[in-house]
2 protein chains.
Amino acid sequence: MRNRDTASRPRTRPQPRPDAERDTSPAFPSAEGGPDVLSRELLAPYLHAQAADFLRSLRLHRESGQDPQGAADAAEAVHALRGSARRISGTLHTFRPLTDTGWADTLRAELAWLSGTLAREHAYAARLTRLLGALNRLSGTGGADAGPAAVPAARGGGAEHPGSLTVGAARAGALLERQLTLARTRAHSAALQALGSSRFHAVADAVALLASDVPLGPAAAAPAAEVLAPLAVGAEQRLKEAVAALPLGRASHPYNAEALVHGLAPAPGGETQDAPWHHVRLLLRLHRYAQEVVAAPASTLPAAQALDRHRDAAEAATAAASAARTPRIAPATAYALGVLHADQRHEVEAARFAFQQVWQREAAKTP
Amino acid sequence: MRNRDTASRPRTRPQPRPDAERDTSPAFPSAEGGPDVLSRELLAPYLHAQAADFLRSLRLHRESGQDPQGAADAAEAVHALRGSARRISGTLHTFRPLTDTGWADTLRAELAWLSGTLAREHAYAARLTRLLGALNRLSGTGGADAGPAAVPAARGGGAEHPGSLTVGAARAGALLERQLTLARTRAHSAALQALGSSRFHAVADAVALLASDVPLGPAAAAPAAEVLAPLAVGAEQRLKEAVAALPLGRASHPYNAEALVHGLAPAPGGETQDAPWHHVRLLLRLHRYAQEVVAAPASTLPAAQALDRHRDAAEAATAAASAARTPRIAPATAYALGVLHADQRHEVEAARFAFQQVWQREAAKTP
């Protein structure tokens, strides 16, 4: 419907979008704009905008100070940088036949390395928050500071008196805090190192090129309706097929106890049974980005949030099980970690139920 | 509708009903049989029949041999004995104003002692089966013999290698088996001792009197529609009020994580939050027995089963937590018990969800 000037001037640099993650309103001409719209007239402006966002976030990160506000700004900049990197990478994946594929494949691999490296610090911090929150809930200590605040109690009493459950929870919190804070600090150093590396500078250079000039292939000159739109439909199709293969029937029955099944097996079943859900999470994201390119609003946010929660809970459950393998921990600590593990696997199951509900609701709307 | 001869001959001893627990078809004249039916004409035959069942079960128990079949027969006889004792006691409670209250109160107290003593053996056995079944499911060992079969593995390896989760599950199973088998054996001896005691013989004598002659009060001579029926309605009213006070709204949201909240607190919240549900379970039973007296079929069996499951899971969760306080257990054992505890608390939550579903469905049927 909207066919703005930018569509016919692919080399024009669009204004940076202040919040690319949340803004899903159509900022680019729709594929329905007319049969004359060329594939590159949709693809190039989107990549320009994402590249500009990437460079702006990078500048903000460099300008952030050393004070607490600066650290918060830096974290936000890294968050935005990851969002842009994911969008560029996802778009180059879905619309690969329209690009200079050799160049696109190289950039995608480098962006994957960058996203992975930058994601870790935040993931460890979020995981710790989730686990301490759950321990708080489980031990009824109320406030948001179960970890450090509860540590003195852990030193006070023996392991076998009636209050040992709380002692165990406090010790488990202290153990998780130690382990995940260490992992987070290492991830922070690794991220800083990555951002200062020559490898990263090469990525930034490639993205800078993308901000003004997208290396496209001959197919990009074909009408969007003939080439770009079918590629976007392909992304949606892959998503739908992967969802159809999920055990949604089982997930629709609350308390099916599926997520914790084999939770104490030598090779915990969690990772195997989680994989198809994690895969749908990625396909959902690729679908969303493809919809952004064709400027069709995708109503998949609740589904994506359910699968984010699924992923977070699954990883938190793994962290609790992993902490329980720490040598020389007290039985009460191990007990608390067992409860915590099961609690998070229950969250995994709840997230699947939520996804199933959202998906069926959306499916019911579609004619 | 049915107003059989027995109704006008309250002292006639009805035929023993072979399966009083499952048979909810109207075996006694309905309160709707007519305005002429007296309260005692409904109450006395019901108590006669239950007393006869009690005495028959007692005889079967005495006649059971020492071989395995005999032990199974004895267990079944005790089960039936408990069912009759509960029905007599519940009926004397609900219809107390119709009875010789001094006599009724004494018998009820003695039947409560007897039921409690006889229930324990079966409860420990069922709890062990439930917990070993859950451990089996959690450790993915398949078969129904996780306990003893898995014990050799527990002796094989160290506590901290990657397989320690399974080792922990096996050790937890062995620990629970030891503790609950001991408790069961003690309960068995206590039950045998009780059945041979002079206190029990006094109860049996009182029940034998009941089989032919119910000590009733003057109110029993009033029309059933005026006295007995309102008492039955009162039982239903108490049930409905107690259900209305349950957090059914919360229970209707699957995965509300309520059952495990404060699961690691010094005074685990479980017992406090479970109490109103346990209370409804008892009121549901009293309502069912009152409906049996007025010969109105009560469609509350699924609701009762959900609350039985609620009670069983709550007690199993407590047993797992209690086993985790055993001195000198390995961390892997404690971890497995923590997972098991949380698993059973999820079962508690699932049972509440099931009860809520059943109750709303029944409520929707009632105009």
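We now turn to the structure provided with this report. (Residues numbered from 1 in each chain as written. Chains lettered and ligands numbered in written order. Predicted model: local features only at pLDDT ≥ 70, side-chain atom pairs only at ≥ 80, totals over all residues. Heavy atoms only, no water.)

Attention now goes to the packing of aromatic side chains. Here the structure, examined in full by the defined rule, presents seven aromatic pairs over all chains. Plain terms: the ring middles of Phe353 of chain A and Tyr255 of chain B are 5.7 Å apart, the flat faces sit at 55° to each other, and that makes the pair tilted. With Phe353 of chain A in helix 12 (residues 331–365) and Tyr255 of chain B in the loop between helix 9 (248–251) and helix 10 (270–293), the pair connects residues from two separate chains. The two residues Phe353 of chain A and Tyr255 of chain B agree in class, both being buried. Centroid distance Phe355 of chain A to Trp359 of chain A: 5.6 Å. Interplanar angle 25°. Geometry classified as stacked. Here Phe355 of chain A and its partner Trp359 of chain A are both found in helix 12, four residues apart, which amounts to about one turn of the helix. Here Phe355 of chain A falls in the buried class, since its relative accessible area comes to 0%. Here the aromatic residues Tyr255 and Phe353 of chain A together with Tyr255 and Phe353 of chain B are joined through ring pairs into a cluster of three or more. (Phe/Tyr/Trp six-rings, centres within 6.5 Å; stacked < 30°, edge-to-face > 60°. Helix = DSSP H or I, 4+ residues; strand = E, 2+ residues; numbered from the N terminus. Buried < 20%, exposed > 50% of the residue type's maximum accessible area, 1.4 Å probe, protein only.)

On to the pattern of salt bridges. A complete count under the given rule lists 30 salt bridges over all chains for this structure. Across the salt bridge formed by Glu362 of chain B and Lys365 of chain B, the nearest N and O atoms sit 3.2 Å from each other. In this pair, Glu362 of chain B and Lys365 of chain B both sit in helix 12 (residues 331–365), three residues apart, roughly one turn of the helix. Owing to a relative accessible area of 59%, Lys365 of chain B belongs among the exposed residues under this scheme. Three or more residues are tied together by salt bridges with common partners; here these are Arg96, Asp105 and Arg108 of chain A. (Salt bridge = Lys/Arg side-chain N within 4 Å of Asp/Glu carboxyl O.)

Quick look at the relation of the copies chain A and chain B now. Between the two copies of the chain lies a relationship made up of a rotation around an axis and a movement along it. With an RMSD of 0.0 Å, the fit of chain A onto chain B corresponds to turning through 179° and sliding 0.0 Å along the axis. Such a combination of rotation and displacement between the chain copies is what one expects of a two-fold axis. Comparing interface residues between copies, 100% of those in chain A also lie at the interface in chain B; the contact surface is shared. (Least-squares fit on C-alpha atoms with pLDDT ≥ 70 in both. Contact = heavy atoms within 4.5 Å.)

Time to look at the interface of chain A and chain B. The interface is formed by 45 residues belonging to chain A together with 46 residues belonging to chain B. The junction of chain A with chain B conceals about 3800 Å² of combined surface from both sides, 67% of it contributed by carbon and sulfur atoms. Together, Tyr255, Leu264 and Tyr335 of chain A form the three largest contributors to the area buried by chain A at its contact with chain B, with a combined 24%. Our enumeration of links across chain A and chain B arrives at zero salt bridges. (Buried area = accessible area lost by both parts, 1.4 Å probe.)

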